[in-house]
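Residue strings, one per chain:
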Amino acid sequence: MSTDLKSATKLAVPGRGGRRKLTYPWILLIIAVGLVAVSALRAVTGAGDLTSTGQFGAALSAAVPIGLAGLGGLWSERAGVVNIGLEGMMMLGSFAAGWVGWQHGPWAAAAAGILGGALGGLIHAVATVTFGVDHIVSGVAVNILALGATQYLATLWFGQEGSAAMAAGGNDKQSPPMPDMPTFTVPGLSDWLNSLEGHHWFLVSDVAGILGAAVTSVSWLTLLTIGLFIGTFYALWRSSFGLRLRSCGEAPISAETLGVNVYSYKYAAVLVSGALAGLGGAFLSIGVHFYQDGQTGGRGYIGLATMIFGNWRPGGVAMGAGLFGFMDAMQLRSGGPTVHALLLGLAALLAVLAVLRLRAAKRAQAAVSAVAAAVLIGWYFLADTVPLELVEASPYIATLLVLALFSQRLRPPKANGRPYRRGQGA
């Protein structure tokens, strides 16, 4: 049956055979060119924080909840269920983590966050899979219900006069604080990389600063997230379970004729989606030691953008989460000089894009890219920094830019968002 499923899935994906595959040597080459470019940008602009351990450590922490939300969206949409309720599922996860965490510690908080997010996923699955509710309407409803439920329950459980939670430091907007989540640091290697970074050598110190973030005070939940990305790849692309699940998002009628219980796979995918988003919300609560109203801050929507940018693939989601996490970390660290330096880097990228578009005989797009590059270069040399408001908005601006630049190269699962009823192909 697996061979038949593969054939059905391939037939459902037009034009896949003509697409050039990105091999590992090309990926390594792209990474190397990117490192050299970032090192050159740091050397030219003098923005030392651009490649510092502190910046990339903060970026790694900021990327985890976004990446988990994006990974959750990938599971759901690979099975054909659009999930814009990721934000609400993150809210439920962060609230559940805050509620359990102050009483039982951070690991129990992470487990509670998974269950809270899975509850949101279950609501979305019942609405879309069982009752056939429009996926967008259901996702919006989950977001609204989660917002209202968490605000009401926070007032009831954390802000009630005379309660143990209020005595422990809670109020109607936040939970009492929870203990720290353990972190790990690689002894010796962390200090050596920190020493290399301090020399400010071209490329060597930049690479040391980036690698230092991966071995210095890293949360165990970050390692768990990396494992979830690797596990998702093998589960969805290297197993018969994953083949069946993806066939539900590409050709559910064909999958049904081959004996796949499409409803079961859709339910499983949306539950996993909610659980991952809930873990992302729990990461936010655990990171600051308490749940707080409005804590997710739109990260569920940014996670959805990383899934689209990543072309519904785990590696692409990880790269997108890293990009948005980097931008988020900049605004958290008041990175005005760093954002100012990135103006020059973005101008260089647009100039390269203009040349590529011109070679492809797309003169209008080349002209727009060239004009934008010239504007950014002028802005960089005429101003010493950028307004704080622009720094705070940088993650959302990056989201819009990435989606605008890569939207034409994306291919969602063919049956994503389409209603399905058992036996409709008969």
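Every chain begins its residue count from 1, and numbering advances along the sequence as written. A pLDDT threshold of at least 70 governs which residues receive local features in this predicted model, and a stricter bar of 80 or more applies before side-chain atom pairs are shown or counted, although totals over entire chains, interfaces and linings include all residues. Side-chain calculation: all heavy atoms of the structure are included, whereas hydrogens and water are not.

Q: Sorry if this is basic, but what is going on with the overall build of the chain here?
A: For helices the rule is a DSSP run of H or I covering at least 4 residues; for strands it is a run of E covering at least 2, with both sets numbered from the N terminus onward. In terms of regular secondary structure, the chain is built from 18 helices and two strands. Each radius of gyration is computed over the set of C-alpha atoms, and the globule rule expresses the reference value as 2.2 Å times the number of residues to the power 0.38. Its C-alpha atoms give the chain a radius of gyration of 23 Å, near enough to 22 Å, the size a compact globule of 426 residues would have. Taken along the three principal axes of its C-alpha coordinates, the chain extends 65 × 60 × 40 Å. Burial status follows relative accessibility: with a 1.4 Å probe on protein chains alone, a residue under 20% of its type maximum counts as buried, one over 50% as exposed, and anything between as partly exposed. Burial analysis of the chain (426 residues in total) assigns 47% to the buried set. In what follows, a contact means two residues having at least one pair of non-hydrogen atoms within 4.5 Å. Summarising the internal contacts of the chain: among those between residues at least 6 apart in sequence, 79% fall at separations of at least 24. Areas reported as accessible are Shrake-Rupley estimates using a 1.4 Å probe. Residue values count occlusion only from the protein chains shown. Accessible surface, the chain as shown: approximately 20,300 Å² in total, 68% of it carbon and sulfur. With 26 positive and 18 negative side-chain charges, the chain shows a separation of 21 Å between the mean positions of the two kinds. None of His or the chain ends enter the tally, which takes Lys and Arg as positive and Asp and Glu as negative. Where a charge lies is defined by one atom per residue type, namely NZ (Lys), CZ (Arg), CG (Asp) and CD (Glu).

Q: In this structure, what is going on with the packing of aromatic side chains? I would like to understand it.
A: Between two aromatic rings, the relevant description is the distance of the centres plus the angle of the planes. For Phe, Tyr and Trp, where Trp contributes only its six-membered ring, two rings pair if their centres lie within 6.5 Å, and the inter-plane angle classes them as stacked under 30 degrees, edge-to-face over 60, or tilted in between. This structure, assessed with the given rule, holds 13 aromatic pairs. Their ring planes at 45 degrees and their centres at 6.4 Å tell us that W75 and F241 sit as a pair that is tilted. Of this pair, W75 sits in helix α3 (residues 53-78) while F241 sits in helix α11 (residues 240-250), and the two are 166 residues apart along the sequence. Judged by its relative accessible area of 33%, F241 falls in the partly exposed class. For the pair Y263 and Y420, a centre-to-centre distance of 5.5 Å together with 75 degrees between the ring planes defines the contact as edge-to-face. Of this pair, Y263 sits in helix α13 (residues 262-288) while Y420 sits in the segment after α18 (388-406), placing them 157 residues apart in sequence. Summarising the burial analysis for this pair, Y263 and Y420 share the class buried. Each residue in the set F95, W99, W157, F158 and Y291 is aromatic and connected to the rest through ring pairs, giving one cluster.

Q: When you look at a nonpolar patch on the surface in this model, what are you seeing that I'm missing?
A: Together, W107, W220, L223, I226, I230 and Y234 make up an exposed nonpolar region whose accessible area comes to about 610 Å². Looking at which element gives the most residues to the nonpolar patch, the answer is helix α10 (residues 220-237), with five residues. Structurally, I226 can be placed in helix α10. Owing to a relative accessible area of 44%, I226 belongs among the partly exposed residues under this scheme. Patch members must show over 30% relative accessible area and no salt bridge, and they are joined within 9 Å when carrying like charges or within 5 Å when they are nonpolar side chains of Val, Leu, Ile, Met, Phe, Trp or Tyr. Salt bridges, as used here, are contacts in which a Lys or Arg side-chain nitrogen is within 4 Å of a carboxyl oxygen on Asp or Glu.

Q: Help me understand helix α9 (residues 204-212) in this model?
A: Quick reminder: α-helices carry 3.6 residues per turn. Residues three or four places apart thus point the same way. Residues of α9 that are buried include every one of S205, D206, A208, G209 and G212, and no others. Along the long axis of α9, the arc covered by the buried residues comes to 160 degrees, so they all point the same way. Of the surrounding secondary structure, the elements contacted by the buried residues of α9 are α2 (24-45), α3 and α8 (189-198). Of all possible arcs, the one meant is that of the directions from the helix axis to the C-beta atoms.

Q: What am I meant to see in the nonpolar core here?
A: Side chains of a nonpolar character, in soluble globular proteins, are inclined to be buried together. Judged by nonpolar contacts, the single largest core of 46 residues is most densely connected at L74, W75, L221, L236, L245, I286 and M307. Those elements that provide at least two residues to this core are α3, α4 (86-104), α5 (106-130), α10, α11, α13 and α14 (299-309). Ranked by residues supplied to this core, first place goes to α13 with twelve residues. Aside from chain neighbours lying at most four places away, what touches I286 is P106, A109, A110, M178, M181 and L221. Of all hydrophobic cores here, the second largest spans 27 residues; its members include L41, L50, F324 and A398. Within this scheme, the nonpolar core is defined by two criteria: the residues are buried Ala, Val, Leu, Ile, Met, Phe, Trp, Tyr or Cys, and they are joined through side-chain atoms within 4.5 Å.

Q: Hey, could you run me through the pattern of salt bridges in this one?
A: Two side chains with opposite charge may pair up if their charged atoms get near one another. Within the structure shown, the criterion is met by five salt bridges. Between D328 and R299 there is a salt bridge, with its nearest N and O atoms 3.4 Å apart. Linking D328 in helix α15 (residues 314-332) with R299 in helix α14, this pair joins segments that are 29 residues apart in sequence. D328 gets classed as buried once you look at its relative accessible area, which sits at 6%. Given a relative accessible area of 16%, R299 falls into the buried group.

Q: When you look at α3 in this model, what are you seeing that I'm missing?
A: How far a helix is expected to stretch is found by multiplying one less than its residue total by 1.5 Å. Helix length check: α3 (26 residues) gives 35 Å between terminal C-alpha atoms against 38 Å at 1.5 Å per residue, within 8%. The largest bend in α3 amounts to roughly 30 degrees and is located at V64, with the proline P65 lying one to four residues further along. For α3, the tally of buried residues reaches 20 of 26 residues, placing the bulk of the element in the interior. At the exit of α3 stands G80, carrying a positive phi of roughly 95 degrees. Bend, in this description, refers to the angle at a residue between axes fitted to the seven residues ending there and the seven starting there.

Q: Just to check I follow, could you spell out the side chain of Q295 for this structure?
A: With respect to the helices, strands and loops of the structure, Q295 is situated in the loop between α13 and α14. You can call Q295 buried: its relative accessible area is 13%. Residues within four places of Q295 in sequence aside, it is in contact with S94, L284, S285, V288 and F290.

Q: Looking at this structure, how should I read the packing of α14 against α15?
A: Working note: a packed helix pair is described by the angle between its axes plus the distance between those axes. The N-to-C vectors of α14 and α15 enclose an angle of 135 degrees; their axes lie 7 Å apart at closest approach. Between α14 and α15, the angle is such that the two are oblique. Considering only the axes of α14 and α15, their crossing is right-handed. Of the residues in α15, those in contact with R299, I302, A305, T306, M307 and F309 of α14 are G316, V317, M319, G320, A321, F324 and D328. Within the contact of α14 with α15, the residues separate by chemical class into eight nonpolar, three polar and two charged. Every axis in this analysis is a line fitted to C-alpha atoms, fitted for helices over the stretch in contact. Angles between the N-to-C directions lie between 0 and 180 degrees. In what follows, roughly perpendicular refers to angles from 65 to 115 degrees, roughly parallel to angles under 35, roughly antiparallel to angles over 145, and oblique to any angle outside these ranges. For any helix crossing, the convention is left-handed if the near helix is rotated counterclockwise from the far helix by under a right angle, and right-handed if that rotation is clockwise. By the convention adopted, Pro, Cys, Tyr, Trp, Phe, Met, Ile, Leu, Val and Ala count as nonpolar, Lys, Arg, Asp and Glu as charged, and the other residues, Gly among them, as polar.

Q: For this particular structure, what's the right way to read the packing of α8 against α9?
A: Packing of α8 against α9 brings their axes to within 8 Å, and their N-to-C directions diverge by 145 degrees. For the element pair α8 and α9, the recorded crossing hand is left-handed. Residues L193, L196 and E197 of α8 form the contact with α9, whose participating residues are S205, A208, G209, L211 and G212. In terms of residue class, the contact of α8 with α9 is built from four nonpolar, three polar and one charged.

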